[in-house]
Structure formats: structure tokens, C-alpha cells
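Structural description and commentary
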Amino acid sequence: MANEQFGPLAALIGTWEGDQGLDVSYSYEKKKVIETPYRETATFNIVGDVTNGDQVLWVIDYTTAAIRIGEDKVFHTELGYWLWDGARQEVMRCFMVPRGSTILAGGKSTPTATSFEMKAKQGDGAFGVLSNPYLMEKARCTEYKLSCTIKGDTWSYEEDTVMEMVATGGTVHHTDKNTLKRVK
């Protein structure tokens, strides 16, 4: 199978590690927004092509795990899929986190792009956000944005998860960013 069929996502195939992560999020324990440095391992595997009628998606599955610097316990995991629709020139990411949230984000790109962006918004029928009932009441995700740059064996990303939080009485931007290197 030729990897170029995966468009700009082909460059992600493999295993990545990085220790430059920074998570900025609300801490219930400290009752304020804090910064947490982290390290991360992400693995992207080829699934192949998936057809929906005359739509052909090229799919990569992934898992990622983040560990706070100085600790051994994983504090964040994700699993999901990254998809490329060459005919529509769209990148997509569908993932879930074990807090009971699912996001399908997407955006326009070109097959040879080294940078791209994906977005999702609560209530959007195409690229949207779902949360479990507790999170809808207490810490509802309303928007998600991801920017990625892949150059050779270096991948960097920045994400912004916008949340309406009862604990703060308003909006919190939960952000994450990291730069990872391909290790295999």
C-alpha cells in the first residue's frame, strides 16, 4: 500500500515520543488554572481505505499516552482515527478520551501539506463534540481546535479545548502543546 494515499497524514505513520509537552488546564485540587509539563508517546498505524458510498477515506488509527514530568503514572490517554479524504481535500480526527468525551474535528488541507488545522464545535452536525451528561453539566466542551506541523521526523501540535466550567463560572481554554520525534 502506497503511503501517499494518506495525503498529509502519511507523515504521521510510526511511533513518536516527546518530553516538551505543556498542559494548561483547571485543577480542581488547586482551584485554579495550572501548567503541567508532560512527556508523551503516540503511535499511528495504517488501517487502510474505508468506503462510504463513493467516498474513500484513508485511515490511520492512533493511541497516545501522556505522563507528567517527574511521575510514572499516565494522566491522559486517547485513542481514535485520523482520516484523509483526498477528493474533498479534508483531514479529520475522530477520538475519545476516557472522561466520556468524543470529538470529530476536521479541516481543509492539501495532499502534500506539512501543516494543517482541524476544528470542532458543540452542536455542529459535521465536526462536533459530545460529552457525557456529567460533563455537560459541570465542564462542557464547546469548541476544539488542533494545529499540526510535521517536518521530517519532527511533529508538533497545539490544541485548544474550550470549556464552560461551573467551577470557574466561565470559559476555560484547556490547551496542550508538544513537539515529538519519530522513534520508529
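Residues numbered from 1 in each chain as written. Predicted model: local features only at pLDDT ≥ 70, side-chain atom pairs only at ≥ 80, totals over all residues. Heavy atoms only, no water.

What follows concerns the layout of surface pockets. Size it by volume and the largest pocket reaches roughly 1100 Å³. Looking at the largest pocket, it is lined by 45 residues, and the ones nearest its centre are Asp23, Ser25, His76, Arg99 and His174. Of the residues contributing to the lining of the largest pocket, the split by class is 24 nonpolar, 10 polar and 11 charged. (1 Å grid on protein atoms, 1.4 Å probe; cavity = no way out; pocket = protein on both sides within 12 Å on 5 of 7 lines; lining within 4 Å. Points joined across faces, edges and corners; volume = space filled by probe spheres on them. Nonpolar A, V, L, I, M, F, W, Y, C, P; charged D, E, K, R; others polar.)

The final tally for this structure, using the stated rule, is 8 salt bridges. Glu90 is paired through a salt bridge with Arg88; the nearest N and O atoms lie 3.2 Å apart. Given a relative accessible area of 11%, Glu90 falls into the buried group. Close ionic contact of Lys119 with Glu117 constitutes a salt bridge, the shortest N to O distance being 3.6 Å. What makes Glu117 partly exposed here is its relative accessible area of 30%. Taken together, the shared-partner salt bridges in this structure form one network comprising Glu78, Arg93 and Glu159. (Salt bridge = Lys/Arg side-chain N within 4 Å of Asp/Glu carboxyl O. Buried < 20%, exposed > 50% of the residue type's maximum accessible area, 1.4 Å probe, protein only.)

What follows covers the nonpolar core. Ranked by size, the top nonpolar core spans 33 residues in total, and within it Leu9, Phe44, Trp82, Phe116 and Trp155 carry the most contacts. If you list the elements that add at least two residues to this core, you get β2 (32-52), β3 (55-68), β4 (74-85), β5 (90-97), β6 (101-108), β7 (115-121), β9 (139-151) and β10 (154-165). The element contributing the most residues to this core is β9, with 5 residues. Among residues more than four places away in sequence, those in contact with Trp155 are Leu12, Trp16, Ala42, Phe44, Trp82, Cys148, Thr149, Ile150, Asn178, Thr179 and Leu180. (Core = buried A, V, L, I, M, F, W, Y, C linked by side-chain atoms within 4.5 Å. Helix = DSSP H or I, 4+ residues; strand = E, 2+ residues; numbered from the N terminus. Contact = heavy atoms within 4.5 Å.)

Further remarks concern the environment of Gly170. Relative to the elements of secondary structure, Gly170 occurs in strand β11 (residues 170-182). What Gly170 contacts, discounting residues up to four positions off in sequence, is Met163, Glu164 and Met165.

Further remarks concern the pairing of β6. As paired strands, β5 and β6 are joined by 8 bridges and run antiparallel to one another. Counted as the bridge partner of Val91 is Gly107 from β6. Following β5, the chain reverses through 3 residues before pairing antiparallel with β6; Gly100 in that reversal takes a positive phi of roughly 95 degrees. In terms of strand pairing, β6 meets strand β8 (residues 129-131) through 3 bridges, oriented antiparallel. Each bridged residue has a counterpart across the sheet, and for Ile103 the counterpart in β8 is Val129. (Pairing = 2+ DSSP bridges.)

These values are about where atoms sit, not about what they do.
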